[in-house]
Amino acid sequence: MDAERPKMTQGAVPGVPAKATQGTEAQHREIGWAEASIWTDRMVSALANGVKGGKWFSLADKVIRPSTLDAAWRQVARNKGAAGVDGQSVERFAAAAERYLSELHETLKTGRYRPSPVKRVDIPKSDGGTRPLGIPTVKDRIVQTALKMAIEPIFEAEFHAGSYGFRPGRGCKSLPPAKAGDALREVEGLLKAGYVHVVDADLQGYFDTIPHDRLMAQVALKISDGGVLALIEGCLRHGVMKEMEHWRPTAGTPQGAVISPLLANIYLHPLDRLMEESGYRMVRYADDFVILCRTAQEAEAALRRATAWVADNGLRLHPDKTRIGDCREPGQGFDFLGYRFEAGRRLVRQKSLRAFKDKVRAMTGRSRGASMRRIIDDLNPLLRGWFGYFKQAAPSIHRHLDGFIRRRLRAILRKQEKRPGFGRCPNDHQRWPNTFFADLGLFTLSTARYHARHPR
(Lines give C-alpha, C1' and ligand atoms only; values in the text may rest on other atoms or scores of the structure.)
Protein backbone atom coordinates (compact mmCIF):
# COMPACT_ATOMS: atom_id res chain seq x y z
CA MET A 1 0.00 0.00 0.00
CA ASP A 2 2.84 2.36 0.79
CA ALA A 3 5.40 1.29 -1.79
CA GLU A 4 6.98 3.99 -3.93
CA ARG A 5 4.28 5.21 -6.28
CA PRO A 6 4.72 5.75 -10.05
CA LYS A 7 4.39 9.27 -11.31
CA MET A 8 0.87 10.18 -12.28
CA THR A 9 -0.58 12.96 -14.33
CA GLN A 10 -3.47 15.36 -13.84
CA GLY A 11 -3.55 14.85 -10.06
CA ALA A 12 -4.56 11.16 -10.23
CA VAL A 13 -4.24 9.07 -7.10
CA PRO A 14 -2.80 5.55 -7.58
CA GLY A 15 -5.29 2.78 -6.94
CA VAL A 16 -8.19 5.21 -6.55
CA PRO A 17 -10.74 5.81 -9.33
CA ALA A 18 -10.68 9.31 -10.75
CA LYS A 19 -14.18 10.01 -9.44
CA ALA A 20 -12.96 9.34 -5.88
CA THR A 21 -10.12 11.85 -6.05
CA GLN A 22 -12.27 14.85 -5.17
CA GLY A 23 -13.71 13.03 -2.14
CA THR A 24 -10.22 12.03 -1.05
CA GLU A 25 -9.06 15.62 -1.22
CA ALA A 26 -12.00 16.70 0.94
CA GLN A 27 -11.21 13.95 3.43
CA HIS A 28 -7.58 15.10 3.50
CA ARG A 29 -8.75 18.56 4.49
CA GLU A 30 -10.88 17.08 7.28
CA ILE A 31 -7.95 15.13 8.75
CA GLY A 32 -5.23 17.62 7.98
CA TRP A 33 -3.93 17.01 11.50
CA ALA A 34 -3.07 13.36 10.69
CA GLU A 35 0.52 12.26 10.11
CA ALA A 36 0.98 12.49 6.33
CA SER A 37 3.67 9.82 6.15
CA ILE A 38 1.12 7.27 7.41
CA TRP A 39 -2.13 8.67 6.06
CA THR A 40 -1.30 8.64 2.38
CA ASP A 41 -3.88 9.18 -0.38
CA ARG A 42 -4.69 5.48 -0.42
CA MET A 43 -5.15 5.32 3.33
CA VAL A 44 -7.37 8.40 3.31
CA SER A 45 -9.40 6.95 0.46
CA ALA A 46 -9.87 3.72 2.41
CA LEU A 47 -10.98 5.74 5.41
CA ALA A 48 -13.57 7.54 3.31
CA ASN A 49 -14.83 4.54 1.37
CA GLY A 50 -14.52 1.87 4.05
CA VAL A 51 -12.32 -1.21 4.35
CA LYS A 52 -13.24 -4.85 3.91
CA GLY A 53 -15.16 -6.12 6.90
CA GLY A 54 -14.90 -2.71 8.55
CA LYS A 55 -11.57 -3.70 10.15
CA TRP A 56 -8.06 -2.45 9.50
CA PHE A 57 -5.11 -4.79 8.92
CA SER A 58 -1.43 -4.17 8.19
CA LEU A 59 -0.96 -1.20 10.50
CA ALA A 60 1.97 -2.42 12.60
CA ASP A 61 4.51 -1.76 9.87
CA LYS A 62 3.33 1.83 9.71
CA VAL A 63 3.69 2.24 13.46
CA ILE A 64 7.24 0.94 13.70
CA ARG A 65 8.74 2.34 10.49
CA PRO A 66 11.61 4.80 11.14
CA SER A 67 9.77 7.77 9.58
CA THR A 68 6.83 7.30 11.98
CA LEU A 69 9.08 6.93 15.02
CA ASP A 70 10.96 10.06 13.96
CA ALA A 71 7.70 12.03 13.61
CA ALA A 72 6.54 10.68 16.98
CA TRP A 73 9.82 11.67 18.61
CA ARG A 74 9.54 15.21 17.28
CA GLN A 75 6.07 15.49 18.80
CA VAL A 76 7.27 14.11 22.15
CA ALA A 77 10.18 16.56 22.11
CA ARG A 78 7.81 19.49 21.50
CA ASN A 79 5.61 18.42 24.41
CA LYS A 80 8.63 18.03 26.70
CA GLY A 81 7.51 16.50 30.01
CA ALA A 82 9.29 14.85 32.92
CA ALA A 83 11.49 11.77 32.88
CA GLY A 84 9.99 8.35 33.54
CA VAL A 85 11.26 5.55 35.80
CA ASP A 86 14.53 5.27 33.85
CA GLY A 87 15.44 8.89 34.64
CA GLN A 88 16.02 9.72 30.97
CA SER A 89 14.84 13.22 30.16
CA VAL A 90 13.78 14.52 26.76
CA GLU A 91 17.05 16.48 26.64
CA ARG A 92 19.15 13.37 27.25
CA PHE A 93 17.26 11.43 24.60
CA ALA A 94 17.75 14.30 22.15
CA ALA A 95 21.53 14.13 22.62
CA ALA A 96 21.59 10.71 20.89
CA ALA A 97 18.14 10.58 19.31
CA GLU A 98 19.25 8.92 16.07
CA ARG A 99 20.83 5.99 17.92
CA TYR A 100 17.95 5.63 20.38
CA LEU A 101 15.36 5.68 17.60
CA SER A 102 17.29 3.08 15.62
CA GLU A 103 17.44 0.80 18.68
CA LEU A 104 13.73 1.34 19.34
CA HIS A 105 12.85 0.46 15.75
CA GLU A 106 14.89 -2.73 16.00
CA THR A 107 13.24 -3.87 19.25
CA LEU A 108 9.80 -3.21 17.80
CA LYS A 109 10.65 -4.95 14.52
CA THR A 110 11.95 -8.08 16.27
CA GLY A 111 9.15 -8.21 18.82
CA ARG A 112 11.49 -7.56 21.77
CA TYR A 113 9.92 -4.25 22.80
CA ARG A 114 8.52 -4.20 26.33
CA PRO A 115 7.18 -0.99 27.88
CA SER A 116 8.73 0.14 31.15
CA PRO A 117 6.60 0.70 34.25
CA VAL A 118 4.84 4.06 34.46
CA LYS A 119 6.13 6.46 37.09
CA ARG A 120 3.19 7.36 39.36
CA VAL A 121 3.03 10.80 40.98
CA ASP A 122 0.17 12.47 42.83
CA ILE A 123 -0.79 15.98 41.70
CA PRO A 124 -2.45 18.19 44.36
CA LYS A 125 -6.03 19.30 43.61
CA SER A 126 -7.66 22.52 44.74
CA ASP A 127 -10.09 20.61 46.98
CA GLY A 128 -7.23 19.17 49.04
CA GLY A 129 -7.17 15.79 47.32
CA THR A 130 -4.76 14.47 44.73
CA ARG A 131 -4.96 13.28 41.16
CA PRO A 132 -2.76 10.36 40.07
CA LEU A 133 -0.58 11.04 37.05
CA GLY A 134 1.35 8.37 35.16
CA ILE A 135 4.61 9.37 33.46
CA PRO A 136 5.85 6.89 30.82
CA THR A 137 9.49 6.89 29.75
CA VAL A 138 10.45 8.96 26.72
CA LYS A 139 10.86 5.75 24.71
CA ASP A 140 7.37 4.58 25.63
CA ARG A 141 5.88 8.01 24.89
CA ILE A 142 7.34 7.75 21.38
CA VAL A 143 5.77 4.32 20.82
CA GLN A 144 2.40 5.49 22.15
CA THR A 145 2.53 8.58 19.94
CA ALA A 146 3.33 6.42 16.90
CA LEU A 147 0.40 4.16 17.77
CA LYS A 148 -1.88 7.15 18.16
CA MET A 149 -0.77 8.55 14.80
CA ALA A 150 -1.67 5.28 13.10
CA ILE A 151 -5.06 4.53 14.68
CA GLU A 152 -6.57 7.87 15.72
CA PRO A 153 -8.02 8.80 12.29
CA ILE A 154 -9.79 5.42 12.15
CA PHE A 155 -11.69 6.10 15.35
CA GLU A 156 -12.08 9.83 14.75
CA ALA A 157 -14.10 8.97 11.64
CA GLU A 158 -16.62 7.23 13.92
CA PHE A 159 -16.75 9.55 16.93
CA HIS A 160 -19.88 11.61 17.51
CA ALA A 161 -20.16 15.36 17.20
CA GLY A 162 -21.11 15.72 20.86
CA SER A 163 -17.74 14.38 22.03
CA TYR A 164 -15.16 17.15 22.46
CA GLY A 165 -12.42 16.17 24.90
CA PHE A 166 -8.92 15.42 23.60
CA ARG A 167 -9.92 15.39 19.95
CA PRO A 168 -7.99 17.05 17.12
CA GLY A 169 -9.48 20.43 16.26
CA ARG A 170 -12.11 20.23 18.97
CA GLY A 171 -12.17 21.35 22.56
CA CYS A 172 -13.82 23.27 25.35
CA LYS A 173 -12.36 26.68 24.64
CA SER A 174 -14.09 29.34 22.62
CA LEU A 175 -12.96 28.99 19.04
CA PRO A 176 -13.37 31.31 16.05
CA PRO A 177 -16.93 31.15 14.68
CA ALA A 178 -15.77 29.45 11.48
CA LYS A 179 -14.65 26.40 13.47
CA ALA A 180 -17.00 23.75 14.78
CA GLY A 181 -16.34 21.85 17.94
CA ASP A 182 -16.87 24.29 20.77
CA ALA A 183 -18.43 22.37 23.64
CA LEU A 184 -19.37 25.47 25.59
CA ARG A 185 -21.05 27.12 22.62
CA GLU A 186 -22.93 23.89 21.97
CA VAL A 187 -24.22 23.84 25.55
CA GLU A 188 -25.22 27.48 25.46
CA GLY A 189 -26.97 27.05 22.12
CA LEU A 190 -29.01 24.12 23.42
CA LEU A 191 -29.99 26.08 26.54
CA LYS A 192 -31.22 28.96 24.41
CA ALA A 193 -33.19 26.47 22.31
CA GLY A 194 -35.10 25.33 25.39
CA TYR A 195 -33.08 22.31 26.52
CA VAL A 196 -32.97 23.57 30.11
CA HIS A 197 -33.52 20.38 32.12
CA VAL A 198 -29.98 19.12 32.48
CA VAL A 199 -28.45 15.86 33.61
CA ASP A 200 -25.06 16.86 35.02
CA ALA A 201 -22.98 13.68 35.24
CA ASP A 202 -19.46 12.69 36.20
CA LEU A 203 -17.89 9.25 35.90
CA GLN A 204 -16.21 8.37 39.19
CA GLY A 205 -12.53 7.51 38.77
CA TYR A 206 -13.10 6.87 35.08
CA PHE A 207 -9.50 6.66 33.89
CA ASP A 208 -8.65 4.24 36.72
CA THR A 209 -11.63 1.92 36.24
CA ILE A 210 -11.95 1.24 32.49
CA PRO A 211 -12.08 -2.56 32.17
CA HIS A 212 -9.13 -3.68 30.04
CA ASP A 213 -10.87 -6.62 28.38
CA ARG A 214 -13.91 -4.59 27.34
CA LEU A 215 -11.76 -1.72 26.11
CA MET A 216 -9.66 -4.07 23.98
CA ALA A 217 -12.86 -5.56 22.59
CA GLN A 218 -13.94 -2.07 21.50
CA VAL A 219 -10.58 -1.44 19.85
CA ALA A 220 -10.75 -4.83 18.09
CA LEU A 221 -14.00 -3.85 16.42
CA LYS A 222 -11.92 -1.63 14.13
CA ILE A 223 -8.36 -2.99 14.39
CA SER A 224 -7.45 -6.56 13.40
CA ASP A 225 -3.69 -6.16 13.33
CA GLY A 226 -2.35 -8.42 16.09
CA GLY A 227 0.87 -6.44 16.44
CA VAL A 228 -0.97 -3.18 17.03
CA LEU A 229 -3.40 -4.80 19.46
CA ALA A 230 -0.46 -6.27 21.40
CA LEU A 231 1.21 -2.86 21.63
CA ILE A 232 -2.01 -1.24 22.88
CA GLU A 233 -2.53 -4.00 25.43
CA GLY A 234 1.05 -3.53 26.57
CA CYS A 235 0.33 0.16 27.18
CA LEU A 236 -2.60 -0.84 29.41
CA ARG A 237 -1.00 -3.67 31.36
CA HIS A 238 2.53 -2.43 32.01
CA GLY A 239 3.51 -1.94 35.61
CA VAL A 240 3.22 1.15 37.79
CA MET A 241 5.94 2.41 40.13
CA LYS A 242 5.47 4.85 42.99
CA GLU A 243 8.60 5.37 45.02
CA MET A 244 9.42 1.81 46.21
CA GLU A 245 6.04 0.29 45.33
CA HIS A 246 5.49 -1.65 42.11
CA TRP A 247 2.22 -3.15 40.90
CA ARG A 248 0.43 -4.16 37.72
CA PRO A 249 -3.03 -2.56 37.21
CA THR A 250 -6.00 -4.73 36.28
CA ALA A 251 -8.14 -1.84 35.03
CA GLY A 252 -7.81 1.73 33.83
CA THR A 253 -5.53 3.67 31.54
CA PRO A 254 -3.05 6.00 33.27
CA GLN A 255 -3.69 9.72 33.06
CA GLY A 256 -0.53 11.15 31.56
CA ALA A 257 -0.01 8.40 28.99
CA VAL A 258 -0.09 9.72 25.42
CA ILE A 259 -2.66 7.23 24.18
CA SER A 260 -4.95 7.29 27.25
CA PRO A 261 -7.32 10.06 26.09
CA LEU A 262 -7.96 8.30 22.77
CA LEU A 263 -8.62 4.97 24.49
CA ALA A 264 -10.94 6.71 26.97
CA ASN A 265 -12.95 8.21 24.10
CA ILE A 266 -13.09 4.85 22.33
CA TYR A 267 -14.62 3.22 25.40
CA LEU A 268 -17.30 5.90 25.80
CA HIS A 269 -18.19 6.03 22.11
CA PRO A 270 -21.03 3.47 22.55
CA LEU A 271 -22.54 5.74 25.21
CA ASP A 272 -22.40 8.67 22.79
CA ARG A 273 -24.10 6.52 20.17
CA LEU A 274 -26.75 5.27 22.60
CA MET A 275 -27.69 8.80 23.66
CA GLU A 276 -27.92 9.99 20.07
CA GLU A 277 -30.02 7.00 18.99
CA SER A 278 -32.31 7.62 21.98
CA GLY A 279 -32.85 11.22 20.86
CA TYR A 280 -30.95 12.87 23.73
CA ARG A 281 -28.60 15.84 23.31
CA MET A 282 -25.42 14.94 25.16
CA VAL A 283 -22.26 17.05 25.25
CA ARG A 284 -19.24 15.18 26.60
CA TYR A 285 -15.72 16.27 27.43
CA ALA A 286 -13.77 13.13 28.37
CA ASP A 287 -15.47 11.74 31.51
CA ASP A 288 -17.48 14.89 32.20
CA PHE A 289 -20.81 15.12 30.37
CA VAL A 290 -24.19 16.81 30.40
CA ILE A 291 -27.45 15.67 28.78
CA LEU A 292 -29.73 18.57 27.91
CA CYS A 293 -33.47 17.89 27.72
CA ARG A 294 -36.68 19.84 27.19
CA THR A 295 -38.59 18.39 30.17
CA ALA A 296 -37.84 17.03 33.63
CA GLN A 297 -39.36 13.67 32.66
CA GLU A 298 -37.08 13.42 29.65
CA ALA A 299 -34.06 14.24 31.84
CA GLU A 300 -35.01 11.55 34.35
CA ALA A 301 -35.35 8.97 31.56
CA ALA A 302 -31.99 10.02 30.10
CA LEU A 303 -30.30 9.61 33.46
CA ARG A 304 -31.81 6.15 33.93
CA ARG A 305 -30.57 5.07 30.51
CA ALA A 306 -27.07 6.51 31.07
CA THR A 307 -26.87 4.93 34.55
CA ALA A 308 -27.80 1.52 33.15
CA TRP A 309 -25.18 1.72 30.40
CA VAL A 310 -22.51 2.84 32.85
CA ALA A 311 -23.25 -0.03 35.24
CA ASP A 312 -23.37 -2.60 32.43
CA ASN A 313 -19.92 -1.48 31.28
CA GLY A 314 -18.08 -1.69 34.58
CA LEU A 315 -18.20 2.01 35.44
CA ARG A 316 -19.95 4.16 38.05
CA LEU A 317 -21.49 7.63 38.11
CA HIS A 318 -20.20 9.85 40.91
CA PRO A 319 -23.07 10.01 43.45
CA ASP A 320 -22.21 13.53 44.63
CA LYS A 321 -21.54 15.03 41.21
CA THR A 322 -24.46 13.60 39.24
CA ARG A 323 -27.77 15.45 39.42
CA ILE A 324 -30.76 16.78 37.45
CA GLY A 325 -31.87 20.40 37.54
CA ASP A 326 -33.85 23.08 35.76
CA CYS A 327 -31.00 25.48 35.12
CA ARG A 328 -33.41 28.42 34.78
CA GLU A 329 -33.94 28.26 38.53
CA PRO A 330 -31.46 29.69 41.05
CA GLY A 331 -29.60 26.88 42.78
CA GLN A 332 -30.34 24.34 40.04
CA GLY A 333 -27.59 25.28 37.63
CA PHE A 334 -24.71 23.06 36.60
CA ASP A 335 -20.95 23.31 36.29
CA PHE A 336 -19.27 22.38 33.02
CA LEU A 337 -15.68 22.98 31.94
CA GLY A 338 -15.01 25.69 34.49
CA TYR A 339 -18.22 27.64 33.90
CA ARG A 340 -21.50 27.61 35.80
CA PHE A 341 -24.74 27.88 33.84
CA GLU A 342 -27.55 29.10 36.07
CA ALA A 343 -30.66 31.30 35.85
CA GLY A 344 -29.86 32.38 32.30
CA ARG A 345 -26.33 33.47 33.15
CA ARG A 346 -22.92 32.07 32.30
CA LEU A 347 -20.83 32.40 35.44
CA VAL A 348 -17.47 31.08 36.57
CA ARG A 349 -17.76 28.12 38.92
CA GLN A 350 -16.61 28.80 42.47
CA LYS A 351 -13.77 26.27 42.30
CA SER A 352 -12.32 28.04 39.26
CA LEU A 353 -12.68 31.45 40.90
CA ARG A 354 -10.91 30.27 44.05
CA ALA A 355 -8.08 28.77 42.04
CA PHE A 356 -7.61 32.00 40.08
CA LYS A 357 -7.64 34.17 43.20
CA ASP A 358 -5.13 31.86 44.87
CA LYS A 359 -2.76 32.32 41.93
CA VAL A 360 -3.17 36.11 42.11
CA ARG A 361 -2.52 36.06 45.86
CA ALA A 362 0.64 34.01 45.37
CA MET A 363 1.96 36.67 42.96
CA THR A 364 0.89 39.73 44.97
CA GLY A 365 2.07 39.14 48.51
CA ARG A 366 2.34 42.45 50.40
CA SER A 367 5.96 41.80 51.32
CA ARG A 368 7.07 41.19 47.75
CA GLY A 369 10.13 43.33 47.17
CA ALA A 370 9.71 44.28 43.53
CA SER A 371 8.63 47.37 41.68
CA MET A 372 4.96 47.73 40.81
CA ARG A 373 5.78 47.63 37.11
CA ARG A 374 7.63 44.33 37.56
CA ILE A 375 4.75 42.85 39.57
CA ILE A 376 2.26 43.88 36.87
CA ASP A 377 4.48 42.47 34.12
CA ASP A 378 4.56 39.14 35.98
CA LEU A 379 0.81 39.21 36.60
CA ASN A 380 -0.37 40.09 33.09
CA PRO A 381 0.25 36.69 31.42
CA LEU A 382 -1.94 35.03 34.07
CA LEU A 383 -4.70 37.62 33.56
CA ARG A 384 -4.60 37.33 29.77
CA GLY A 385 -4.69 33.54 29.89
CA TRP A 386 -7.61 33.49 32.33
CA PHE A 387 -9.55 36.02 30.27
CA GLY A 388 -8.88 34.06 27.08
CA TYR A 389 -10.89 31.20 28.53
CA PHE A 390 -13.46 33.02 30.69
CA LYS A 391 -14.20 36.00 28.46
CA GLN A 392 -17.80 34.77 28.04
CA ALA A 393 -18.55 34.97 31.76
CA ALA A 394 -21.00 37.54 33.13
CA PRO A 395 -19.41 41.04 33.12
CA SER A 396 -19.94 41.47 36.87
CA ILE A 397 -17.34 38.75 37.47
CA HIS A 398 -14.71 40.63 35.48
CA ARG A 399 -15.44 43.85 37.37
CA HIS A 400 -15.27 42.04 40.70
CA LEU A 401 -11.91 40.47 39.86
CA ASP A 402 -10.47 43.76 38.58
CA GLY A 403 -11.31 45.31 41.94
CA PHE A 404 -9.81 42.36 43.80
CA ILE A 405 -6.55 42.61 41.84
CA ARG A 406 -6.19 46.36 42.30
CA ARG A 407 -6.83 46.04 46.05
CA ARG A 408 -3.98 43.54 46.23
CA LEU A 409 -1.70 45.96 44.37
CA ARG A 410 -2.69 48.92 46.58
CA ALA A 411 -1.90 46.81 49.65
CA ILE A 412 1.61 46.24 48.27
CA LEU A 413 2.08 49.98 47.74
CA ARG A 414 0.96 50.68 51.32
CA LYS A 415 3.39 48.06 52.62
CA GLN A 416 6.24 49.58 50.60
CA GLU A 417 5.50 52.88 52.36
CA LYS A 418 5.48 51.03 55.71
CA ARG A 419 1.80 51.78 56.24
CA PRO A 420 -0.61 49.11 57.51
CA GLY A 421 -3.80 48.28 55.68
CA PHE A 422 -5.15 46.31 52.76
CA GLY A 423 -5.76 48.96 50.09
CA ARG A 424 -9.46 49.35 50.76
CA CYS A 425 -9.81 52.91 52.09
CA PRO A 426 -11.05 55.78 49.85
CA ASN A 427 -7.74 57.64 50.20
CA ASP A 428 -5.94 54.73 48.59
CA HIS A 429 -8.29 54.92 45.60
CA GLN A 430 -7.60 58.64 45.26
CA ARG A 431 -3.86 58.25 45.62
CA TRP A 432 -3.62 55.23 43.30
CA PRO A 433 -6.66 55.42 40.99
CA ASN A 434 -7.44 52.81 38.37
CA THR A 435 -5.65 54.92 35.76
CA PHE A 436 -2.43 54.64 37.80
CA PHE A 437 -2.35 50.87 37.22
CA ALA A 438 -3.53 51.23 33.64
CA ASP A 439 -0.59 53.55 32.93
CA LEU A 440 1.72 50.84 34.26
CA GLY A 441 0.20 48.40 31.76
CA LEU A 442 -2.09 46.35 34.01
CA PHE A 443 -4.31 44.06 31.94
CA THR A 444 -7.91 44.85 32.92
CA LEU A 445 -10.47 42.09 32.48
CA SER A 446 -13.52 44.34 32.12
CA THR A 447 -11.78 46.54 29.55
CA ALA A 448 -10.67 43.50 27.59
CA ARG A 449 -14.23 42.17 27.64
CA TYR A 450 -15.58 45.48 26.31
CA HIS A 451 -13.08 45.50 23.43
CA ALA A 452 -13.83 41.82 22.67
CA ARG A 453 -17.53 42.57 22.36
CA HIS A 454 -17.08 45.88 20.52
CA PRO A 455 -14.24 45.36 18.04
CA ARG A 456 -13.26 48.32 15.94
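One structure accompanies this document, and this report is about it. In this text the structure is predicted, and so the values were computed from the model without any measurement.

Once that is clear, we can look at the packing of helix H10 (residues 212-220) against helix H11 (residues 226-237). Orientation of H10 relative to H11, taken along the N-to-C sense of each, is 155 degrees, at an axis distance of 11 Å. In terms of axis orientation, H10 runs roughly antiparallel to H11. Two packed elements cross with a definite hand, and for H10 against H11 that hand is right-handed. Of the residues in H11, those touching H10 at His-212, Asp-213, Leu-215, Met-216, Val-219 and Ala-220 are Leu-229, Ile-232, Glu-233, Leu-236 and Arg-237.

The next point concerns the pattern of salt bridges. Per the counting criterion, the structure on display carries 22 salt bridges. With its nearest N and O atoms 3.0 Å apart, the salt bridge here joins Arg-185 to Asp-182. The class of Arg-185 is partly exposed, set by a relative accessible area of 34%. Look at Asp-182 and you get buried, because its relative accessible area is 3%. In this structure, the salt-bridge partner of Asp-272 is Arg-284, at a minimum N-O distance of 2.7 Å. Of the two residues, Asp-272 is situated in helix H12 (residues 260-277) and Arg-284 in strand S6 (residues 281-285); the sequence distance between them amounts to 12 residues. Residue classification places Asp-272 among the buried positions, given a relative accessible area of 5%. For Arg-284, a relative accessible area of 1% translates into the label buried. Connected via shared salt-bridge partners are Arg-120, Asp-122 and Lys-242.

Right, let's get into the packing of helix H14 (residues 350-363) against helix H16 (residues 395-416). For the pair H14 and H16, interaxial distance at closest approach is 11 Å and the crossing angle is 25 degrees. Here H16 runs roughly parallel to H14, going by the angle between their axes. You can see that H14 and H16 cross each other, and the crossing is right-handed. Contact residues: H14 offers Leu-353, Phe-356, Lys-357, Val-360 and Arg-361, while H16 offers Ile-397, His-400, Leu-401, Phe-404, Ile-405 and Arg-408. When grouped by side-chain class, the residues that make up the contact of H14 with H16 number 7 nonpolar, 1 polar and 3 charged.

Conventions adopted
- Residues numbered from 1 in each chain as written.
- Predicted model: local features only at pLDDT ≥ 70, side-chain atom pairs only at ≥ 80, totals over all residues.
- Heavy atoms only, no water.
- Axes fitted to C-alpha atoms, helices over the stretch in contact; angles between N-to-C directions.
- Helix = DSSP H or I, 4+ residues; strand = E, 2+ residues; numbered from the N terminus.
- Parallel < 35°, antiparallel > 145°, perpendicular 65-115°, else oblique.
- Left-handed = near helix turned anticlockwise from the far one by under 90°.
- Contact = heavy atoms within 4.5 Å.
- Salt bridge = Lys/Arg side-chain N within 4 Å of Asp/Glu carboxyl O.
- Buried < 20%, exposed > 50% of the residue type's maximum accessible area, 1.4 Å probe, protein only.
- Nonpolar A, V, L, I, M, F, W, Y, C, P; charged D, E, K, R; others polar.

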